[in-house]
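Chain by chain, the residues:
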Amino acid sequence: ALAALGRDDEALPELRLVVASDSSRAGVHRRMGIIHARANRLQQAVSQFEKELQVNPNDADTLTEVGIFFFQAGKISEAAERLERAAAIAPKSARARQFLGEVRFKQSRHQEGLELQKSALADDPSNVQLVVNHAAALETYSDPHLAEAVLKAGLDRGLSDARIHVQLGKHYRDWLRFDEASAALKQAIAIAPTNSEAHFHLARTYLSEGRNDEALAEFKEANRLAPSDPYPYYYIGSILAGQGKSGEAMPLYRRSLELDPLNPKAHYSLAKALLKAGQKQEAEAEFARHAELLKRFREIKLEGVATAD
């Protein structure tokens, strides 16, 4: 009851008392693990989940949560093993299938991933993040028209969530349907004015149309809302450099690279700005870093639906 009221700090001591009284009672360690996970104490969460599995090795919910932790930590084989067991024990668990689908994408088993997502969505149609992730996966691995249909179906079901409108706006922009993209992204902003992603993608839509002043304003707003996001810095710098303000762009490129040193475009843009400023030696180092990253990305195929564009 305390956990349901959001009073996790009070709930934990009560659960510890239960464990002290009966350490083999099923469900208690899992509840403790969920509380730790909500507080981002991930190692403590996994420790509790593993204790739960010692008590109840066939607890599909706990296997799912451990699998999700391993997936988020990049331990794909460990995630697959837990989530496969969870899905086998509880075949109607949409959450297990949702994340097993994400694991399959990492394993380059794209069709399996799509089928798992589709199946999970049929059982959990109000899961907004699953709607968005499935649409993004369809966009990447299957039919973009199906991606659009999935997003519109979600809206038709009453899921008027900013994340769906953002994904729809990205889809429209990629297909050069700029008016529809702007409308979708403005709708996202109307629903959630502090959604930095909506402002960022509206800015990119304006940039694609050559509306640089409007793009600059939206990139600045995205940057204000999410100052730890490296990409608004990069795009603001690019617009300023295009206006002949390389000196103003340079610190923005540097800040972007502090946050994401693996962005080859930022290294290349910084190199050009340095060259213009007469700093030839540092410019050459940045050009070399750009070339090295491009070579690495060609050699290593990155899997998953997320992109760093």
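Before any of the text, the structure's been laid out above.
Residues numbered from 1 in each chain as written. Predicted model: local features only at pLDDT ≥ 70, side-chain atom pairs only at ≥ 80, totals over all residues. Heavy atoms only, no water.

Participant: What's the story with the nonpolar core in this structure? I'm lost.
Facilitator: Most often, soluble globular proteins keep nonpolar side chains buried together rather than apart. In terms of nonpolar packing, the biggest core is built from 31 residues, with Phe200, Phe219, Ile236, Tyr253 and Leu270 touching the most fellow members. Elements that contribute at least two residues to this core include exactly α10 (162-174), α11 (178-191), α12 (196-208), α13 (212-225), α14 (230-242), α15 (246-259) and α16 (264-276). In terms of residue count, the dominant contributor to this core is α14 (seven residues). In this view, Phe200 contacts Phe219, Ala222, Tyr231, Pro232 and Tyr235; residues no more than four positions away in its chain are not counted. Residues Ala45, Leu63, Ile68 and Phe99 belong to the second largest nonpolar core, which totals 22 residues. (Core = buried A, V, L, I, M, F, W, Y, C linked by side-chain atoms within 4.5 Å. Buried < 20%, exposed > 50% of the residue type's maximum accessible area, 1.4 Å probe, protein only. Helix = DSSP H or I, 4+ residues; strand = E, 2+ residues; numbered from the N terminus. Contact = heavy atoms within 4.5 Å.)

Participant: Explanation requested: the pattern of salt bridges in the structure shown.
Facilitator: Oppositely charged side chains can pair when the atoms bearing their charge come close. One pass over the full model with this rule turns up 25 salt bridges. Notably, a salt bridge pairs Glu197 with Lys170, separated by 3.8 Å at the nearest N-O pair. In this pair, Glu197 is assigned in helix α12 and Lys170 in helix α10, connecting sequence segments 27 residues apart. Relative accessible area serves as the criterion here: at 36%, Glu197 is assigned to the partly exposed category. The residue Arg211 makes a salt bridge to Glu209 at a minimum N-O spacing of 3.1 Å. Given the relative accessible area of 28%, Arg211 is considered partly exposed. Owing to a relative accessible area of 28%, Glu209 belongs among the partly exposed residues under this scheme. (Salt bridge = Lys/Arg side-chain N within 4 Å of Asp/Glu carboxyl O.)

Participant: Could you clarify how one ought to interpret the packing of aromatic side chains in this entry?
Facilitator: The description of two aromatic rings rests on the distance between their centres and on the angle between their planes. Under the definition given, this model contains nine aromatic pairs. Taking 5.0 Å as the distance between ring centres and 5° as the angle between the ring planes, the aromatic pair formed by Phe219 and Tyr235 counts as stacked. Pair noted here: Phe219 is in helix α13 and Tyr235 is in helix α14, with a separation of 16 residues, a long-range link. For Tyr235, a relative accessible area of 8% gives the class buried. Seen from their ring centres, Tyr234 and Tyr253 are 6.0 Å apart, and the 40° between their planes marks the pair as tilted. Linking Tyr234 in helix α14 with Tyr253 in helix α15, this pair joins segments that are 19 residues apart in sequence. Relative accessible area serves as the criterion here: at 9%, Tyr234 is assigned to the buried category. (Phe/Tyr/Trp six-rings, centres within 6.5 Å; stacked < 30°, edge-to-face > 60°.)

Participant: How should I be thinking about the side chain of Glu286 in this particular structure?
Facilitator: The residue Glu286 is located in helix α17 (residues 280-299) in this model. Once residues within four sequence positions are removed from consideration, Glu286 is found in contact with Leu257, His267, Leu270, Ala271 and Leu274.

Participant: Sorry if this is basic, but what is going on with the layout of surface pockets here?
Facilitator: In this approach, a probe sized like a water molecule rolls over the atoms, and the result shows the empty space that is left. Quantified by volume, the second largest pocket comes out at close to 260 Å³. Lining the second largest pocket are 13 residues; nearest its centre among them are Lys118, His134, Leu138, Leu146 and Val150. Going through the elements one at a time, α7 (110-123), α8 (128-141) and α9 (144-156) are the ones with two or more residues in the lining of the second largest pocket. Counting residues per element, the lining of the second largest pocket draws most heavily on α7, at five residues. Tallied by class, the residues present in the lining of the second largest pocket amount to seven nonpolar, three polar and three charged. (1 Å grid on protein atoms, 1.4 Å probe; cavity = no way out; pocket = protein on both sides within 12 Å on 5 of 7 lines; lining within 4 Å. Points joined across faces, edges and corners; volume = space filled by probe spheres on them. Nonpolar A, V, L, I, M, F, W, Y, C, P; charged D, E, K, R; others polar.)

Participant: How do you make sense of the packing of α12 against α13 when you look at a structure like this?
Facilitator: Two numbers describe a pair of packed helices, the interaxial angle and the distance between the axes. Between α12 and α13, the shortest axis-to-axis distance is 8 Å and the interhelical angle comes to 160°. As summarised for this structure, α12 and α13 are arranged roughly antiparallel, according to the angle between their axes. You can see that α12 and α13 cross each other, and the crossing is left-handed. For the pair α12 and α13, contact is made by Ser196, His199, Phe200, Leu202, Ala203, Arg204, Tyr206 and Leu207 and by Asn212, Glu214, Ala215, Glu218, Phe219, Glu221, Ala222 and Leu225, respectively. (Axes fitted to C-alpha atoms, helices over the stretch in contact; angles between N-to-C directions. Parallel < 35°, antiparallel > 145°, perpendicular 65-115°, else oblique. Left-handed = near helix turned anticlockwise from the far one by under 90°.)

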